[in-house]
Each structure stands twice: as C-alpha cells, then as structure tokens.
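# Residue-level structure breakdown
Chain by chain, the residues run as shown.
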Amino acid sequence: MSYIWATATHVGRVRTGNEDSVYPEEGGSGDGPLLAVVADGMGGAVAGEIASRLAVDAAVAADGDPETRVTAANTAIVEAVIADPSLGGMGTTATLAMFEEDGTVNIGHVGDSRGYRLRGGELAQITRDHSLVAELLAAGKIEADEVRNHPQRNLVTRALGMAQRVPVDTLTEHTEAGDRILLCSDGLNGMITDEEIAEILRSDDPPEAVAWALVEAANEAGGVDNVTVVIVDRVA
Ligand code: CA
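A brief look at the structure comes next. In this text the structure is predicted, and so the values were computed from the model without any measurement.

What counts, and at which threshold
Residues numbered from 1 in each chain as written. Predicted model: local features only at pLDDT ≥ 70, side-chain atom pairs only at ≥ 80, totals over all residues. Heavy atoms only, no water. Helix = DSSP H or I, 4+ residues; strand = E, 2+ residues; numbered from the N terminus. Contact = heavy atoms within 4.5 Å. Areas by Shrake-Rupley, 256 points an atom, 1.4 Å probe, with all protein chains shown as cover. Lys, Arg positive; Asp, Glu negative; His and termini not counted. Charge placed at Lys NZ, Arg CZ, Asp CG, Glu CD. Phe/Tyr/Trp six-rings, centres within 6.5 Å; stacked < 30°, edge-to-face > 60°. Buried < 20%, exposed > 50% of the residue type's maximum accessible area, 1.4 Å probe, protein only. Donors = N, O, S within 2.8 Å, 3.2 Å for Na, K, Ca; no water. Arc of directions from axis to C-beta. Pairing = 2+ DSSP bridges. Axes fitted to C-alpha atoms, helices over the stretch in contact; angles between N-to-C directions.

## Describing the overall build of the chain
Across its full length, the chain carries 7 helices and 12 strands. With the C-alpha coordinates of the chain rotated into their principal frame, the extents come out at 50 × 40 × 35 Å. Counting only contacts in the chain whose residues sit at least 6 apart along the sequence, the fraction spanning at least 24 positions is 69%. When the accessible area of the chain is evaluated, it comes to approximately 10500 Å², of which 49% is carbon and sulfur surface. Looking at the chain, you have 16 positive and 39 negative side-chain charges, and the mean spots of the two groups are 4 Å apart.

Spelled out as structure tokens, the structure:
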C-alpha cells in the first residue's frame, strides 16, 4: 500500500449552500493511481455549485494528464453556459492531483484553491494562487501579513468557465514515504494560518481525523466560507 486518503467538505457556519465539490467523496487506501480534485465554485444562485460539480465530473471522466483533465472541466462549464445562458458568469477553481504508483504527483491547477506538502513537519505551499493578492504580493506591492484581511482577497485572476481556453498551471512533485499532501479550498486557508494548518497536519492521526480537524478549525475561526480538504498520506 502506498497511499491513504480522506476527504471532507462542509458548508461552514455562514453560507447556506456548499459551492465546493471534491473527489473522491470517500476515503480509502491503495497503490495508486489516485485522482483527487478540489473545486470551489462561484456564480449567482446555485450556479457555483453547478460549476464546481461539472468541473469535478468532467475532470474525473476525462482521460489524460492533469492539464487535459482541467481543460475538459473548463470546456464542460463553457458548454453548459452556452446550453443555458442563465448560468452565465459561473466559474470554479480546480486543483487536481494524480498520485502515481511510483510516488510521483502530477498537479493541474487554476484559481485560488491550494496544494500543500507536509514533509518532516515542514509545510510548503506547492501551488501558486491565481488571485489579485498573490500577484500584488509577488510584485512587492503588499506584505504577506496584509493578504488575509485585504478587501479584494477573494478576487481570482484565473478561473474555469471564464474563457474558451484557460491556461492551466502544471507541476510535478516527487513524494517520499511520510509525506502528507493537502488540497484545500480557500475556506480553509482564508480562516486559519499556514502555521495553524501545519500544526494540525503534524498529528499522527489518520487522514480522516486530520481532514475533519482542519474543517473544525476553520469553523471555529468563523467558518465564513465553505471548506473542503483532501489529505493524501504517502505511507510507503
Ligand atoms: Ca471559497
């Protein structure tokens, strides 16, 4: 066995609907390949929920590498809007990871959902947010401690459904035994700091307990957004 995984998604304490979608929907274990996706939908009425669900379903159904799968997710949303213009303006983030039998993790990513890696107790963010605040931070126009409370912190600069073609960031991680990978929507990292996330991830508890501990921490911090996490432990 190479991987043990768990997923958790929760509406939070303020919103009435959960616009996040996640795959897989249940935890498990196996040698891989394992596909995992977090999508954080946006749009009026129920459109955000539809967008994230369409994206996850299309990404799971598509054959191919992460870029191909995320591109298929984009196309599914664009076509749904053409078929039903009342859904216009809906979109979603997508952070998709394929865990291979050899420990390689191939990631495709659009938007401000995140991938993190905990190795040896140290947490590293492995995706780059497509958000205004991330761009301002990279350009040196704001400081790291201004991000959390910035008035435009929710503004994403890239999302699925916004154009016929959306550039997909791709990256490859080479995991080691003991690594713990986290995918999450911004309802987690918007509510608690990376240091708080790291503290919870350092637990020896299995992924299922850790996933729900993260959700609980986000809700205790206010839970103003939907929160979704996938935890994948590389165990051998
Ligand atoms: Ca969100």
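Read on for the rest.
## Re the packing of aromatic side chains
Here the distance between the centres and the angle between the planes together describe a pair of aromatic rings. Inspection of every chain in the model, using the stated rule, returns 1 aromatic pair. Plain terms: the ring middles of Y3 and F99 are 5.5 Å apart, the flat faces sit at 70° to each other, and that makes the pair edge-to-face. With Y3 in strand β1 (residues 3-10) and F99 in strand β6 (residues 94-99), this pair connects stretches of sequence that are 96 residues apart. Here Y3 matches F99 in class, with each residue buried.

## Things to note about the coordination of the calcium ion
Around the calcium ion, the donor atoms from the protein are D40 (OD), D40 (OD), D186 (OD) and D225 (OD), and they sit 2.3 to 3.1 Å away. Note on D186: relative accessible area 13%, which makes it buried.

## Quick notes on helix α6 (residues 194-201)
Listed as buried for α6 are I197, A198 and L201. When α6 is viewed along its axis, its buried side chains cluster within an angular range of 100° and face the same direction.

## Observations regarding the sheet that holds β1
Strand order in the open sheet made by the 6 strands is β3-β1-β12-β11-β8-β9, with antiparallel pairing throughout. Only two strands of the sheet have a single neighbouring strand rather than two, namely β3 (28-30) and β9 (122-125). Direction aside, the axes of adjacent strands within the sheet are offset by 20° on average. For strand β8 (residues 114-119) and strand β11 (residues 180-184), the ladder comprises 5 bridges, and the chain directions are antiparallel. The residue bridging L118 from the neighbouring strand is R180, located in β11. Its contacts with the sheet put α6 on β8, β9, β11 and β12 (227-234), and the angle it makes with β8 is roughly 55°. The sheet contacts of helix α7 (residues 207-220) involve β1, β11 and β12, and relative to β1 the element is tilted by about 25°.

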